[in-house]
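An overview of the molecular structure
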Amino acid sequence: MSKRKLTKQQQTRVKQQQQTHLQQADIDLPQSGQRAIVTANHGKTVVIEDSDRQSFTCNIRQNIDSLVCGDHVIWQQETDTTGIVLAMEDRTNFLARPDRRQQAKVVAANIDQMLIISAAKPALNTRLIDRYLVAAELSGITPVIVFNKIDLPDNLQMNDVKEQLAVYTGLGYQVIFTSAKQDSGITNLQAALQDKISVFVGQSGVGKSSLINSLLPEDVARVGEISDSTQKGRHTTTLAQLYHLPSGGNLIDSPGIREFGLWQVSLEQAAEGFVEFRPWLGKCRFRNCLHEDEPGCSIRDAVEQGVISEQRWQSYRRIIESLRVDNHK
Ligand SMILES: Nc1nc2c(ncn2[C@@H]2O[C@H](COP(=O)(O)OP(=O)(O)OP(=O)(O)O)[C@@H](O)[C@H]2O)c(=O)[nH]1
Ligand SMILES: [Mg+2]
Ligand SMILES: [Zn+2]
């Protein structure tokens, strides 16, 4: 990479950023620069929480990128309930998806786990699960799969669901079955969330907010109905929100989305998001093999031998097709 000359303005910015880092490294932070975590973003303002779990609504210094739930910030108190965010600490990771103009829309930051929530209604969509898994695998976030509303399907339908989800258990992913309505599986869910920072993702209407209410002592998250005509959720949660679990751990409820686009994933990277593909990568006849229909493809051989599931391979191919479209928009 060629070395670019920085403009005066850029140099000042770099200096400012370095000073912020110095401040962060300082254990005895001055009164004027306290650390806090972002618990909600309301557009022009954010809600932050200090180490005593007191909340403040804050304006944001202009030079700061948009903040999301889970961001660590340096801030200054102004009144009993308000303050100003001065700086954002570096993110260890973040979950992002492209918006309509293919710009990154960051959903949450500094997260340990992604809980991929699916349900009996709207129907189980393993393709969407696979997209979330790729996003999680490529950003170093541990995924956990949750199937909610087990009170709805009959035995036959439930067997079908179990069969479809067995592939994930086989890959070493944790799969948890729950019913927010009947309060079942909630202890397992609680155990998985213990002392971690987790984000709930999944289609609108699968019950993310309902599950959060089951985990908290009071119903705080707003829950919406599913439309009778379209069988889809109504996008009840519109803003991400961070909650504390009484049993330890934090969770971020995020708005449901119909399609989860992968952000900044190249065609070559997609295969690495499929954990079971990894041992075969680099063993195809062509070095630039994308494991679709190329001759001598080791992934396709593994599918034919039943080592890699057909369902996952088809899902992978769909992702490649969609990335081709997205990356050329
Ligand atoms: N039968 C049944 N219904 C449930 C269950 N969990 C949630 N629901 C219902 O599903 C609907 C949608 O629930 P929400 O919690 O709002 O779903 P969400 O995933 O937060 O949706 P968005 O905020 O739109 O992304 C509501 O009518 C809930 O009462 C469950 O375990 N069983
Ligand atoms: Mg919700
Ligand atoms: Zn190949």
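Let me begin by describing the structure that accompanies this report. This is a predicted model, so every value here is computed, not measured.

Around ligand 1, the structure places 22 residues, and the nearest of them are D151, S204, S210, G224 and T237. In this structure, an oxygen atom belonging to ligand 1 sits 2.6 Å away from a side-chain N or O atom of S210. In the complex, the protein chains occlude 89% of the 660 Å² of accessible area that ligand 1 would expose alone. For the shell around ligand 1, the element with the highest residue contribution is helix α5 (residues 208-215), accounting for three residues. Residues of the shell around ligand 1, tallied by class, amount to four nonpolar, 13 polar and five charged.

Before going further, it helps to spend a moment on the environment of P122. Within the secondary structure, P122 sits in the loop between β8 (113-119) and α2 (126-138). With relative accessibility at 7%, the residue P122 sits in the buried group. Sequence spacing of P122 and Q203 is 81 residues, and the spatial spacing of their C-alpha atoms is 7.9 Å.

Attention now goes to the packing of aromatic side chains. Scanning the model with the defined rule gives six aromatic pairs in all. Look at F274 and F277: their rings are 4.9 Å apart centre to centre, the planes differ by 25°, and that puts the pair in the stacked class. F277 sits in the buried class, given a relative accessible area of 0%. In this structure F274 comes out as buried when scored by relative accessible area, which is 0%. Each member of the aromatic cluster is reached from another via a ring pair, and the members are F274, F277 and Y316.

On to the coordination of the zinc ion (ligand 3), then. Coordination of the zinc ion (ligand 3) by the protein is provided by C284 (SG), C289 (SG), H291 (ND1) and C297 (SG), with metal-donor distances spanning 2.1 to 2.4 Å. Residue class for C284 comes out buried when judged on its relative accessible area of 13%.

Interaxial distance between α2 and helix α8 (residues 310-326) falls to 10 Å at its minimum, and their mutual angle equals 70°. Considering the angle they form, α2 stands roughly perpendicular to α8. Where α2 crosses over α8, the handedness of that crossing is right-handed. Between α2 and α8, the residues in contact are T126, R127, D130, R131, L133 and V134 and Q311, R312, Q314, S315, R318, I319 and S322, respectively. When grouped by side-chain class, the residues that make up the contact of α2 with α8 number three nonpolar, five polar and five charged.

We now examine the nonpolar core. Of all hydrophobic cores here, the largest spans 53 residues; its most connected members are L95, M114, L165, Y168 and Y316. Ranked by residues supplied to this core, first place goes to α2 with seven residues. When residues of this core are assigned to domains, at least three fall in each of domain 2 (94-253) and domain 3 (267-326). If we ignore the near neighbours within four places in the chain, the residues touching L165 are L124, I129, I145, F147, V175 and F177. Within the second largest apolar cluster, 21 residues are counted, among which are L115, I117, L215 and L251.

A cis amide bond links K121 with the next residue in sequence, P122, at an omega value of -5°. In this structure, Q264 takes a positive phi of about 55° despite not being glycine. Relative to the helices and strands, Q264 resides in the loop between β13 (250-253) and α6 (267-270). A residue is classified by how much of its surface remains accessible, and Q264, at 62% relative accessible area, is exposed.

Evaluated as defined, the whole model comprises nine salt bridges. Among the salt bridges present, the one from R317 reaches D293, with a minimum N-O distance of 2.9 Å. Of this pair, R317 sits in helix α8 while D293 sits in the loop between α6 and α7 (298-304), placing them 24 residues apart in sequence. With a relative accessible area of 18%, R317 lands in the buried category. Judged by its relative accessible area of 49%, D293 falls in the partly exposed class. Connected through shared salt-bridge partners, D293, R300, E304 and R317 make up one network.

So, about helix α3 (residues 155-170). Its 16 residues place the ends of α3 22 Å apart at the C-alpha level, agreeing with the 22 Å of an ideal helix rising 1.5 Å per residue. The largest bend in α3 is about 30°, located at Q164. All of the buried residues in α3 are M158, V161, L165, V167 and Y168. Check the buried side of α3 and you find it contacts α2, β9 (142-148), β10 (174-177) and α8. N-cap assignment for α3: the residue whose side-chain oxygen lies 3.2 Å from the backbone N of L156 is D154. Trailing α3 by a residue or two, G172 shows a phi angle of about 95°, which is positive.

According to the stated counting rule, one finds two cavities of 30 Å³ or more in the structure shown. Here the second largest cavity is characterised by a volume of approximately 50 Å³. In terms of lining, the second largest cavity is formed by I116, I117, S118, N125, L128, I129, Y132, G202 and Q203. Elements with a contribution of two residues or more to the lining of the second largest cavity: β8 and α2.

Rules used in this analysis
- Residues numbered from 1 in each chain as written.
- Chains lettered and ligands numbered in written order.
- Predicted model: local features only at pLDDT ≥ 70, side-chain atom pairs only at ≥ 80, totals over all residues.
- Heavy atoms only, no water.
- Near = heavy atom within 4 Å.
- Polar contact = N/O pair within 3.5 Å; in protein donor to acceptor, adjacent residues only side chain to side chain.
- Areas by Shrake-Rupley, 256 points an atom, 1.4 Å probe, with all protein chains shown as cover.
- Helix = DSSP H or I, 4+ residues; strand = E, 2+ residues; numbered from the N terminus.
- Nonpolar A, V, L, I, M, F, W, Y, C, P; charged D, E, K, R; others polar.
- Buried < 20%, exposed > 50% of the residue type's maximum accessible area, 1.4 Å probe, protein only.
- Phe/Tyr/Trp six-rings, centres within 6.5 Å; stacked < 30°, edge-to-face > 60°.
- Donors = N, O, S within 2.8 Å, 3.2 Å for Na, K, Ca; no water.
- Axes fitted to C-alpha atoms, helices over the stretch in contact; angles between N-to-C directions.
- Parallel < 35°, antiparallel > 145°, perpendicular 65-115°, else oblique.
- Left-handed = near helix turned anticlockwise from the far one by under 90°.
- Contact = heavy atoms within 4.5 Å.
- Core = buried A, V, L, I, M, F, W, Y, C linked by side-chain atoms within 4.5 Å.
- Domains from an automatic or database assignment.
- Salt bridge = Lys/Arg side-chain N within 4 Å of Asp/Glu carboxyl O.
- Expected span 1.5 Å × (residues − 1).
- Bend = angle between axes of the 7 residues up to and from the residue.
- 1 Å grid on protein atoms, 1.4 Å probe; cavity = no way out; pocket = protein on both sides within 12 Å on 5 of 7 lines; lining within 4 Å.
- Points joined across faces, edges and corners; volume = space filled by probe spheres on them.

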